[in-house]
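Letter by letter, the chains look like this.
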There are 2 protein chains.
Amino acid sequence: MGVEIERKFLVDHEKWHQLEKPAGVHYQQGYILNDNNRTVRVRITDTQGYITLKGSGTSHMSRAEYEYEIPLKDGRELLKEFTKNGTEKTRYRIPYDGFTWEVDEFLGDNKGLIVAEIELEDEHDEFEKPYWVTKEVTDDARYFNSNLAVHPFKDWD
Amino acid sequence: MGVEIERKFLVDHEKWHQLEKPAGVHYQQGYILNDNNRTVRVRITDTQGYITLKGSGTSHMSRAEYEYEIPLKDGRELLKEFTKNGTEKTRYRIPYDGFTWEVDEFLGDNKGLIVAEIELEDEHDEFEKPYWVTKEVTDDARYFNSNLAVHPFKDWD
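Residues numbered from 1 in each chain as written. Chains lettered and ligands numbered in written order. Predicted model: local features only at pLDDT ≥ 70, side-chain atom pairs only at ≥ 80, totals over all residues.

## A short note on the overall build of chain A
Threshold: By the criteria applied, helices consist of DSSP H or I runs no shorter than four residues and strands consist of E runs no shorter than two, each listed in order from the N terminus. Restricting the calculation to C-alpha atoms gives the radius of gyration, and the globule rule supplies 2.2 Å times the number of residues raised to the power 0.38. Once C-beta atoms have been placed from the backbone, residue pairs whose C-beta atoms lie within 7 Å are recorded as contacts.
Counting its secondary structure elements, chain A contains three helices and nine strands. Mapped from its N terminus to its C terminus, chain A presents α and β elements in the order β-α-β-β-β-β-α-β-β-β-β-α. Computed over its C-alpha atoms, the radius of gyration of chain A comes to 15 Å, within 12% of the 15 Å expected for a compact globule of 157 residues. For the C-alpha atoms alone, the extent of chain A along its principal axes is close to 40 × 35 × 30 Å. Of the contacts made within chain A by residues no fewer than 6 positions apart, 59% connect residues no fewer than 24 positions apart.

## Quick word on the relation of the copies chain A and chain B
How we decide: For the least-squares superposition of copies, only C-alpha atoms count, and only for residues with pLDDT at least 70 in both.
Rotating chain A by 180° and translating it 0.0 Å along the rotation axis places it on chain B, where the RMSD comes to 0.0 Å. The relationship between the two copies is best expressed as a two-fold rotation axis. Distance from the rotation axis, computed per C-alpha, reaches its smallest value in chain A at Leu33(A): 3.5 Å.

## Observations concerning the nonpolar core
Test applied: Residues enter a nonpolar core if they are buried, belong to Ala, Val, Leu, Ile, Met, Phe, Trp, Tyr or Cys, and are joined to the set through C-beta atoms within 7 Å. Neighbour density around each residue's C-beta defines its exposure: 20 or more other C-beta atoms within 10 Å make it buried, 12 or fewer make it exposed, and counts between make it partly exposed, where C-beta atoms are placed from the backbone.
The biggest cluster of nonpolar side chains holds 26 residues, and the ones touching the most others in it are Ile32(A), Leu33(A), Val40(A), Ile32(B), Leu33(B) and Val40(B). Apart from residues lying up to four places away in sequence, Val40(A) is in contact with Tyr31(A), Ile32(A), Leu33(A), Leu53(A), Ile32(B), Leu33(B) and Val40(B). In this structure, Phe106(A), Ile114(A), Val115(A) and Val133(A) belong to the second largest nonpolar core, which totals twelve residues.

Take a look at the structure:
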């Protein structure tokens, strides 16, 4: 197991789009199970499948996470046969001040949403916020990927 | 993916216990998800963990199955943190007339139950029943491992 400690922020779209950045990776993902305590997620990139189990955490910042690589073909089949709702996004990995930020530009029904996450070793780790990062939304359930799959950004008020 | 085609039978306990057989493997397993259409199962032996996803099939005989090896340590943690009900059994693999039978001697709340399964290539495959096999229970939902986890043999009428 790993424990995943993450903080999540909104992004200033204009500054973000002006940023020079490496190519992103296309992700398609769906949930086989998605309740308050546990999620089972299938994800595919263009070359690899993954199955990821996340437990309940002490907070939304910190959750047990188990991730396994699976064949891309299995991932495609599982997405189709085992999941109903999903999300699609391009993920960029941006090094900044000794940390790596993962920035997700959502597609499909969540198009228009851009979210930046930083993974920490410890909940109390201090870090420098990049200038293109704005409000923290770590504890805002609407932004959980598992919720975006069923209540996408296009349906928000 | 594989498609799992199985037929399941009860066992004559006396004949079974008199049979000379190779050592069995101890299995402990539980369900992260268990609805009519999909199951997500965690299983551990003494040396290896597994995560297995099964879809709905055209019948109880035939279901899509995806199985992945995971570290034993992860399997133990997932059983503890992600599953509530489980089953425990010793599995014996018995070659017979060109097929391999898997015979499960259940433990714990299902102690007293012994079930034999044969895995087929095709639903119409013909095979010889060993002399220690009795009634077929392939379509009897009580014997599904996923049901034995929540309605164990000791609670049956």
